[in-house]
Structures are given as C-alpha cells and as structure tokens.
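In case you want the letters, here they are:
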Amino acid sequence: MATRVLLRRSLGGAGGLGSLALRGLASSTNRAGEDSWLKSLFVRKVDPRKDAHSNLLAKKETSSLYKIQFHNVKPEYLDAYNKLCQEVLPKIHEEKHYPCALVGTWNTWYGEQDQAVHLWRYEGGYPALTEVMNKLRQNKEFTEFRKERGNMLLSRKNQLLLEFSFWNEPVPREGPNIYELRSYQLRPGTMIEWGNYWARAIRFRQDNNEAVGGFFSQIGQLYMVHHLWAYKDLQSREDTRNAAWNKHGWDELVYYTVPLIQEMESRIMIPLKISPLQ
C-alpha cells in the first residue's frame, strides 16, 4: 500500500504527467501481454521425455534396421546404372549368408531427376548391418560393382531408419504400381508428437491398400520421416488423397501435424524389374 502511494506521488502533478505515465505503463503491459499471446501461437513447447523416441516409436516385436540410399546418377549413365544394379543387387538379396533383404529399388519419375532410390532391411539391427558390411568388403564382385557404379554417380547419401510401430509392414506386392516417397524434415523435439498424431491418421489411409511403410531416421539427416505409398497411377493417387478429406477427423490431424514440419518433399518413383515392390 505504501508503495502504491509513493508511486502516485512521484508520478503526480506537473500538468498530468502522472496520469500519462500510468496510461503508458498500462499500454506497455497490454502490449507485452499481446506479444506473449502471439508468441504462444508460434513457439511450440516440447515436453521433457524420459526415453529415446526410437524406443517409444519403433516396433518392439522386430529388431529390423532399414537403410535408404539416394544415388544421383549422371544422366548419360542412368540406363547403364540400372542394368548394373539389376545384375548385382539380387545376388546380395538372395545370398543366405547376408542377413539383409532388398525391400525396393526405384528410379525417381517426378522430383529430383536421374535419381535411384534403394531401401534395404537388416534383420537383427546394427549387428546385422555390421556383418553385411564386413562380408561385402571381402566380396570381389561387389567391390568391382562399387567401383564401376562410382564412375556413374554425381553424388550419393544414405540414412539409417527405424520403422514406426503403427505403420504397415513393407512386404512385396505385385504391380504395376507407382510409388510416392513423402519425406518430412521435422522440427527438432517433435518426433513423439508426430508419432502420436500419425498413429491415428494412418487409419484414414488404408482403403486402397496404399500405405506401404513409415520410417524415421536414426543416422544421417536427423528428424527425417519417410512415408512410402503405392498407387496404380497418378489419377488413383489424386482420388485416394482427396477421399481422405471426406473422412471425419483427417482435417484435424493435418492441421496439428503441419506446424511440426520444417520442410517436405514428394518423389514419384517407378520400380526397377528386380524390386520386390512392383
């Protein structure tokens, strides 16, 4: 009370300067409140977690690790690159002593041009990956394959992935199909939130058997999510995606997941003849 009296006295008099100062103080307080409210719309609070998101989101019943490879091929070598891969990759895939399987292999049709995408599964996780890499180093045919392949490439990158527990298992399917790989760069700290929303959202995308697999990165570019979809053609893709908007709840899930994304990319891909996903 004494403080309020002193404040009034120190600000009073002198042609109403006190009342002006008080109004200015009130205005400043209101602006601060407005700024705080506006910031709350754009600043996302991330709850502290007690476990790694790999333990919370990945499938517990399997210990599979996935590797996705992106190869940017010199345009004049794309046909030769595809022919070489179709000769050599099945031998690795079919070799019983290698605990890995080729899930799918494609060329990008729409998106980054002259690009090959390969998806591998390692049954047994990181030990299986290490075993395969050690054996391939001793494989002369594979060593020659890598050397010849390297002359055809402009650049390459890979990521190690885990599979979302609530997504479909990527199993071989008959074609012909086109495939869409939708890749999302999430804001750091939002992977759990993304998983919580998509655990519900995936049920809206099962009518036409379009959901192939969903993955999140562990090594490479982090906070990356990849959703793999299959469609008969581009019109089927359009119709299937539009149909989701007619289902109650889909729009709400999209509304809440969009702010989690920093960047996104879509690739339309055509499988090679050796791809288990046709």
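Residues numbered from 1 in each chain as written. Predicted model: local features only at pLDDT ≥ 70, side-chain atom pairs only at ≥ 80, totals over all residues. Heavy atoms only, no water.

## Some thoughts on helix 5 (residues 126–137)
Compared with the 16 Å implied by 1.5 Å per residue over twelve residues, the 17 Å span of helix 5 between its first and last C-alpha is a close match. Three or more residues of helix 5 are buried, namely A128, L129, V132 and L136. Down the axis, helix 5 shows its buried residues gathered within 100° of arc, on one side only. Along helix 5, the residues that are exposed and aim more than 90 degrees away from the buried face are P127 and R137. (Helix = DSSP H or I, 4+ residues; strand = E, 2+ residues; numbered from the N terminus. Expected span 1.5 Å × (residues − 1). Buried < 20%, exposed > 50% of the residue type's maximum accessible area, 1.4 Å probe, protein only. Arc of directions from axis to C-beta.)

## Brief notes about empty space enclosed by the protein
Applying the stated criterion across every chain, the model contains one cavity of 30 Å³ or more. Roughly 50 Å³ of volume is contained in the largest cavity. The wall of the largest cavity is formed by I68, W106, V117, L119, L161, L181, F215, H226, L228 and M269. In terms of residue class, the lining of the largest cavity is built from nine nonpolar, one polar and no charged. (1 Å grid on protein atoms, 1.4 Å probe; cavity = no way out; pocket = protein on both sides within 12 Å on 5 of 7 lines; lining within 4 Å. Points joined across faces, edges and corners; volume = space filled by probe spheres on them. Nonpolar A, V, L, I, M, F, W, Y, C, P; charged D, E, K, R; others polar.)

## A look at the packing of aromatic side chains
This structure, assessed with the given rule, holds 16 aromatic pairs. Their ring planes at 40° and their centres at 4.7 Å tell us that W109 and Y110 sit as a pair that is tilted. Here Y110 falls in the partly exposed class, since its relative accessible area comes to 45%. One aromatic cluster in this structure is built from W167, Y184, W194, W198, F204, W229, W245 and W250. Between K157 and the ring centre of F70, over which it is positioned, the NZ or CZ distance is 5.6 Å. Over the face of the ring belonging to W229 we find R205, whose NZ or CZ atom lies 4.1 Å from the ring centre. (Phe/Tyr/Trp six-rings, centres within 6.5 Å; stacked < 30°, edge-to-face > 60°. Lys NZ or Arg CZ within 6 Å of the ring centre and 35° of its normal.)

## Some words on the pairing of strand 1 (residues 65–73)
The buried count for strand 1 comes to nine of nine residues, which makes it a mostly enclosed element. The side-chain alternation of strand 1 yields two buried faces, one formed by L65, K67, Q69, H71 and V73 and the other by Y66, I68, F70 and N72. By the bridge criterion, eight bridges tie strand 1 to strand 3 (residues 115–122) in an arrangement that is antiparallel. Each bridged residue has a counterpart across the sheet, and for Q69 the counterpart in strand 3 is H118. As paired strands, strand 1 and strand 4 (residues 153–163) are joined by eight bridges and run antiparallel to one another. Its bridge partner being in strand 4, N72 is matched across the sheet by S155. (Pairing = 2+ DSSP bridges.)

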